[in-house]
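# Results of the structural survey
Each chain is listed here by its residues.
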Amino acid sequence: MIRELFNSKLIVSLALLVVPSISLAQDLNGANTGWILTSTALVLFMTLPGLSLFYGGLVRTKNVLSVLMQCFAIAVSISILWLVVGYSIAFGPSDSAYWGGLSRMFFSGIDINSMSGDIPETVFAAFQMTFAIITPALIVGAFVERIKFSSMLIFSILWTLLVYFPVANWVWGGGWLGSMGLIDFAGGTVVHVTAGVGALVTALVIGQRKEFGQSSTLPHNLTMSFTGAAMLWVGWFGFNAGSALAADGAAGMALFVTHISAATGALTWMVIEWIKFGKPSGLGAITGMVAGLATITPASGSVGPAGGLLVGLAGGVVCYYATTYLKQNLKIDDSLDVFPVHGVGGIVGTFLAGILVSNNLGVFSGNGLAEGMTMGSQVGVQVTGILATGIYTAIVTFILLKIVAALTSGIRITDEQEQVGCDITDHDEKGYSM
Amino acid sequence: MKLITAIIKPFKADEVREALSDVGVSGVTLSEVKGFGRQKGHTELYRGAEYVIDFLPKSKMEIAVSDDMVDQAIEAICKAAGTGQIGDGKIFVTNLEQTLRIRTGETGDDAL
């Protein structure tokens, strides 16, 4: 099943190489088109307002508006960038295994009749755009409360241009990782490893907040975070089940395993905190939920329902310990824990997809390995995908941060401005007037 | 005249107000404040880590009374605010030089 899906993406991409898209138009499938239109709305809803509220509630009162604004500004900028060049680099027709070329700049050659498989190309392109929006928005969690708005925006645009678009091509746009047989149904590597590693490098370069580790940095509004987290859960149905690019059995299974993994991740985190501290925290529960969702993302097209349970359990446990280790032991101020939750979740899920795809695991069986693949060779491909996207992201992120620092005379606000807060410092307004 | 400043547990504020009314105190100013004493702070959880909160929320009540009312008022506060647990709070008594009612211009005990 998964192989078929990858092949269909590959075939579309390969076909685009030799003939204008319009001439390979299949008959439009209304059900599939309807579902991907819906999924597009669901995934945009994850960023606006899901992730924005989730992140906004986790910072301090004086920074809430800046976080909402960062997510919003990324959404509008990346939308334009997608039209100008992003779709072309990620999904344009090209001979290269590394990028899609520039022939689809400004959606050149795409009109109302253009098809991508059996859905309109505009629908496919809009759906993929929402993934390009949320990925840099996830990184916001690493540098909140201390980055200059100008640095943030330039970095996010360049990062999406030079990290997200190429990696999306490698995995989904007919590039080398997809051709190798990498299982990444909805973005374990493309979205979560890139965002997680990008966040980790950014946190290391920008440094800790002045009051890192002190109780004064605790979240100002967990009601807001709960609201946003619940929206992320719902929106994730579009993210994962929409990645089937059809309203079919693959979409149904992806939706179900996604839900099970989210619930398992949340429950796992709650139980760990309950045992360790005597009380399960609300923030712990929703963080475990996000960990379960991030972890199932690459595997959602290949595992079965019981496999989804294992993925959620692994995501909850591993992301929990990664979060406490990074903050408490390594003292890295990835402020909202983007790497330990999204990056580590993406890595664990991409790895597990190579195992739980097997149909020889009894009740934990998945949809079956692709022809010619063994579990060993599939896991090898998965590890290659994780390492390639992680290392590439780390290097490019580091270089971009240095370039942006040079362009904007440093990426960090002054200590005094940090004390005042990013709302006033960056925007001359406040989230709350009380 | 004396100014009584009582730092109490927030959930006891209503009982203290009632007890003061019962002994004839006709006005109280209440503020929400934070602080620490022997009770120290408490911990809060953030994603698998405990953070120490040094300052606990308390209620601060300011009561201006005539000299002959001081003992009664203090007794009322102690009775109403006490739980026997650490963190019940403290009472400070200071001399009050002058009181003035803005509307009428009355001063001293008449303004209380």
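The structure presented is a predicted model; accordingly, all values stated were derived computationally and were not measured. For every chain, the first residue of the written sequence is number 1, and numbering continues from 1 onward in sequence order. Lettering of chains starts at A and numbering of ligands starts at 1, both following the order in which they are written. With the structure being a predicted model, the display of local features is reserved for residues of pLDDT at least 70 and the display and counting of side-chain atom pairs for 80 or more, all residues being used for whole-chain, interface and lining totals.

This part covers the overall build of chain B. A run of DSSP states H or I qualifies as a helix once it reaches four residues; a run of E qualifies as a strand once it reaches two. Both are numbered from the N-terminal end. A tally of helices and strands in chain B yields 2 helices and 6 strands. In sequence order, the secondary structure elements of chain B are arranged as β-α-β-β-β-β-α-β. The burial criterion counts other C-beta atoms lying within 10 Å of a residue's C-beta, which is placed from the backbone; the residue is buried at 20 or more, exposed at 12 or fewer, and partly exposed between these limits. Going through the 112 residues of chain B one by one, you find that 21% of them count as buried. A fraction of 70% describes how many contacts in chain B between residues 6 or more apart in sequence connect residues 24 or more apart. Think of it this way: build a C-beta for each residue from its backbone, and any pair within 7 Å is a contact.

The secondary structure content of chain A amounts to 15 helices and 2 strands. Principal-axis analysis of the C-alpha atoms places the extent of chain A at approximately 60 × 50 × 35 Å. Of the contacts formed within chain A by residues at least 6 apart in sequence, a portion of 78% connects residues at least 24 apart.

What follows covers the interface of chain B and chain A. On the chain A side, the residues contacting the 10 residues of chain B number 15 residues. Those elements giving two or more residues to the side of chain B that touches chain A turn out to be β3 (42-46) and β4 (49-53) of chain B. Of the residues forming the side of chain B that touches chain A, the biggest block, 5 residues, is contributed by β4(B). The residue makeup of the side of chain B that touches chain A, split by class, is 6 nonpolar, 1 polar and 3 charged. In this classification, Asp, Glu, Lys and Arg are treated as charged, Ala, Val, Leu, Ile, Met, Phe, Trp, Tyr, Cys and Pro as nonpolar, and every other residue, Gly included, as polar.

Looking now at the confidence of the model for chain B. Confidence scores here are pLDDT values: one per residue, from the predictor, ranging 0 to 100. In this model, chain B carries an average pLDDT of 94, and 100% of its residues clear a pLDDT of 70 or more. The ipTM assigned to the predicted complex is 0.78, against a pTM of 0.87.

In this section: unusual backbone geometry. Residues and elements named next belong to chain A. In this model, leucine 48 is joined to proline 49 through a cis peptide bond whose omega is 5°. Along the chain, the position of proline 49 falls in helix α2 (residues 30-58). The phi angle at lysine 331 is positive, at roughly 55°, despite the residue not being glycine. Classification of lysine 331 as exposed rests on a count of 10 C-beta atoms within 10 Å.

Attention now moves to the packing of helix α5 (residues 149-171) of chain A against helix α13 (residues 375-407) of chain A. All names here are of chain A. All axes are obtained by fitting lines to C-alpha atoms, using only the stretch in contact for helices, and the reported angles, taken between N-to-C directions, cover 0 to 180 degrees. Two elements in contact, α5 and α13, have axes whose closest approach is 10 Å; the angle formed by their N-to-C orientations is 150°. Judged by the angle between their axes, α5 and α13 are roughly antiparallel. Here α5 runs over α13; the crossing is right-handed. Listed contacts from α13 to Ser151, Ile154, Phe155, Leu158, Trp159, Leu162, Val163 and Val167 of α5 are Thr389, Thr393, Val396, Thr397, Leu400, Leu401, Val404 and Leu407. Here the word oblique covers every angle except those under 35 degrees (roughly parallel), over 145 (roughly antiparallel) and from 65 to 115 (roughly perpendicular). Two helices crossing with the near one rotated counterclockwise from the far one by less than a right angle form a left-handed crossing, whereas a clockwise rotation gives a right-handed crossing.

Moving on, we come to the sheet that holds strand β5 (residues 56-65) of chain B. Residue and element names in this part refer to chain B. Reading across the sheet, the 4 strands line up as β2-β5-β1-β6 and stay open at both edges, with antiparallel pairing between neighbours. The open sheet has two edge strands, β2 (29-35) and β6 (89-95), and neither has a second partner. Between one strand axis and the next, the sheet turns through 20° on average, direction left out of account. Looking at chain direction, strand β1 (residues 2-8) and β6 are connected through 7 bridges and run antiparallel. Strand pairing follows a simple DSSP-based rule, namely that at least 2 bridges must link the two strands.

Here we take up the pairing of β5(B). Residues and elements named next belong to chain B. Bridge count between β1 and β5: 7 bridges; the pairing is antiparallel. Looking at β5, one finds that lysine 2 is bridged to valine 65. In this sheet, β5 lies alongside β2 in antiparallel orientation, the contact comprising 7 bridges. Considered in β5, the bridge of glycine 35 is made with leucine 56.

Before going further, it helps to spend a moment on the environment of Gly173(A). Mapped onto the elements of the fold, Gly173(A) is located in the loop between α5 and α6 (176-180). Between the C-alpha atoms of Gly173(A) and Lys210(A), which are 37 residues apart in sequence, the distance is 42 Å.

For Glu97(B), the location among the structural elements is in the segment after β6. Between the C-alpha atoms of Glu97(B) and Ala80(B), which are 17 residues apart in sequence, the distance is 28 Å.

Per-residue confidence for chain A gives a mean pLDDT of 94; residues scoring 70 or more make up 94%. Predicted confidence for residues 15-23 of chain A stays below pLDDT 50, and this span has 13 contacts to residues more than four positions away or in other chains.

All names here are of chain A. Contact pair helix α8 (residues 222-241) / helix α10 (residues 282-296): the axes reach a minimum separation of 10 Å and the direction vectors enclose 20°. On the basis of the axis angle, α8 is roughly parallel to α10. For the crossing formed where α8 meets α10, the hand is left-handed. For the pair α8 and α10, the contacting residues are Leu222, Ser225, Phe226, Ala229, Leu232, Trp233 and Trp236 in the first and Gly282, Leu283, Ile286, Met289, Val290 and Leu293 in the second. A breakdown of the residues in the contact of α8 with α10 according to their chemical character gives 11 nonpolar, 2 polar and no charged.

Let us look at the environment of Val271(A). Assignment of secondary structure puts Val271(A) in helix α9 (residues 249-277). In this structure, the C-alpha to C-alpha distance between Val271(A) and Lys402(A), residues 131 residues apart in sequence, is 42 Å.

Residue and element names in this part refer to chain B. In this analysis, the expected span of each helix is defined as 1.5 Å times one less than the number of residues it contains. Here helix α2 (residues 70-81) contains 12 residues, and its C-alpha end-to-end distance of 16 Å stays within 8% of the 16 Å for a straight helix at 1.5 Å per residue. For α2, the complete set of buried residues consists of Ala73, Ala76, Ile77 and Ala81. Taken around the axis of α2, the buried residues stretch over an arc of 105°, which confines them to a single face. Set apart from the buried face of α2 by more than 90 degrees, the exposed residues are Asp71, Glu75 and Lys79. Those residues of α2 hidden inside the fold are in contact with β1, α1 (13-22), β5 and β6. Comment: arc refers to directions from the helix axis out to C-beta atoms.

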